[in-house]
Amino acid sequence: MMSKFLQAALLSVCVLLWSVSVSAQDRRVSGRITSTDGPVPGANVVVKGTTTGTSTDANGNFMLSVSGSNPTLVISAIGLKTQEIIVGNRTSVNIALDEDATALNEVVVTGYTTDLKRETTGAVSTVKSRALTAVPSGNVEQQ
């Protein structure tokens, strides 16, 4: 009878030690995503092969929990080339993305959503910055 109790206690200790060692492999990785224009807000950072991911803040910073001995981050943003970075043992990763001018011709921003150009129906207009500066101001002092 005592040996079954000892076996159960030993099994419980083994399971506890295993769960602690598995959770010890999880770690936080932080970093900053930039391009030639500066920080990249809203870039997607995903651990390859998982659904774990996050987006960068207004300054291009991110923080993400990763597990495993050699995780890979997949970084993507509209108008920039997607990059895969092997994290290794690092806890901080700074990444500079290159421009992808061909991808810009495939996206249409409609003001409340983003659609592929080939899937857009209806009227699409382009507004130049000159037209925006020519709009009369509602302030009496500026007229």
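Rules of the game
Residues numbered from 1 in each chain as written. Predicted model: local features only at pLDDT ≥ 70, side-chain atom pairs only at ≥ 80, totals over all residues. Heavy atoms only, no water. Helix = DSSP H or I, 4+ residues; strand = E, 2+ residues; numbered from the N terminus. Buried < 20%, exposed > 50% of the residue type's maximum accessible area, 1.4 Å probe, protein only. Areas by Shrake-Rupley, 256 points an atom, 1.4 Å probe, with all protein chains shown as cover. Lys, Arg positive; Asp, Glu negative; His and termini not counted. Salt bridge = Lys/Arg side-chain N within 4 Å of Asp/Glu carboxyl O. Polar contact = N/O pair within 3.5 Å; in protein donor to acceptor, adjacent residues only side chain to side chain. Pairing = 2+ DSSP bridges. Axes fitted to C-alpha atoms, helices over the stretch in contact; angles between N-to-C directions. Core = buried A, V, L, I, M, F, W, Y, C linked by side-chain atoms within 4.5 Å. pLDDT = per-residue confidence, 0-100. Contact = heavy atoms within 4.5 Å.

Participant: Before we go on, may I ask you to explain the overall build of the protein in this structure?
Facilitator: In terms of helices and strands, the protein carries 3 helices and 10 strands. Here the protein holds 143 residues, and the buried ones make up 20% of them. Counting every atom, the protein has about 10700 Å² of accessible surface; 55% of that belongs to carbon and sulfur.

Participant: Is there a simple way to explain the side chain of R27 in this structure?
Facilitator: Following the sequence through the fold, R27 ends up in strand β1 (residues 27-35). Within the buried set, R27 has no salt-bridge partner at all; the shortest N-O distance to an opposite charge, 7.9 Å, is to D26. Here G88 takes part through its backbone oxygen, which lies 2.2 Å from a polar atom of the side chain of R27.

Participant: What's the story with the pairing of strand β7 (residues 80-86) in this structure? I'm lost.
Facilitator: Pairing geometry for strand β6 (residues 72-77) and β7, over 5 bridges, is antiparallel. Pairing of T72 across the sheet is with I86, part of β7. Adjacent in sequence and paired antiparallel, β6 and β7 are bridged by 2 residues, among which G79 carries a positive phi angle near 85 degrees.

Participant: Whenever I open this one, the sheet that holds β7 confuses me. Can you help?
Facilitator: Hydrogen bonds between backbone groups are what pair the strands of a sheet, and the pairing can be parallel or antiparallel. The sheet built from 4 strands is open, its strands ordered β4-β3-β6-β7 with antiparallel pairing. The open sheet has two free edges, formed respectively by β4 (53-55) and β7, since each of these has just one partner strand. Adjacent strand axes in the sheet meet at a mean angle of 15 degrees, parallel and antiparallel pairs treated alike. Pairing of strand β3 (residues 44-47) with β6 involves 4 bridges; the strand directions are antiparallel. The partner of V46 across the bridge, within β6, is V74.

Participant: I would appreciate a short explanation of the pattern of salt bridges in the present structure.
Facilitator: Should the charged atoms of two oppositely charged side chains come close, the side chains can pair. In total, this model carries 1 salt bridge according to the counting rule given. E84 serves as the salt-bridge partner of K48, at 2.9 Å between the closest nitrogen and oxygen. With a gap of 36 residues between them, K48 in the loop between β3 and β4 and E84 in strand β7 connect regions that are remote in the sequence.

Participant: Sorry, what's going on with the pairing of β3 here?
Facilitator: Within a regular beta strand, the side chains point alternately toward one face of the sheet and then the other, so they alternate between its two faces. The side-chain alternation of β3 yields one buried face, formed by V45 and V47, and one unburied face, formed by N44 and V46. Relative to β4, β3 runs antiparallel, the two being bridged by 3 bridges. Within β4, the residue paired with V45 across the bridge is T54. Counting the residues that bridge the hairpin from β3 to β4 gives 5 residues, and of these G49 lies at a positive phi of roughly 80 degrees.

Participant: Teacher, can you tell me more about the nonpolar core here?
Facilitator: Looking at soluble globular proteins, one finds that nonpolar side chains tend to be buried together. Counting residues in each nonpolar core, the largest one holds 18 residues, and the members touching the most others are I33, V45, L64, L73, I75, I95 and L97. Mapped by element, the contributors of at least two residues to this core are β1, β3, β5 (61-66), β6, β7 and β8 (92-96).

Participant: For this particular structure, what's the right way to read the confidence of the model for the protein?
Facilitator: Note that predicted coordinates carrying low pLDDT should not be read in detail. Put simply, the protein has an average pLDDT of 77, and 61% of its residues get 70 or more. Here residues 20-24 is a poorly scored stretch, pLDDT under 50, and it has 0 contacts once near neighbours within four places are set aside; other chains count.

Participant: What is the right way to look at the side chain of T72 in this model?
Facilitator: Its place among the elements puts T72 in strand β6. Assessed through its relative accessible area of 17%, T72 is described here as buried.

Participant: When you look at the environment of V40 in this model, what are you seeing that I'm missing?
Facilitator: Considering the arrangement of structural elements, one finds V40 in the loop between β2 (38-39) and β3. Setting aside its immediate chain neighbours within four residues, V40 contacts I33, T34, S35, T56, D57, G60, A77 and L80.

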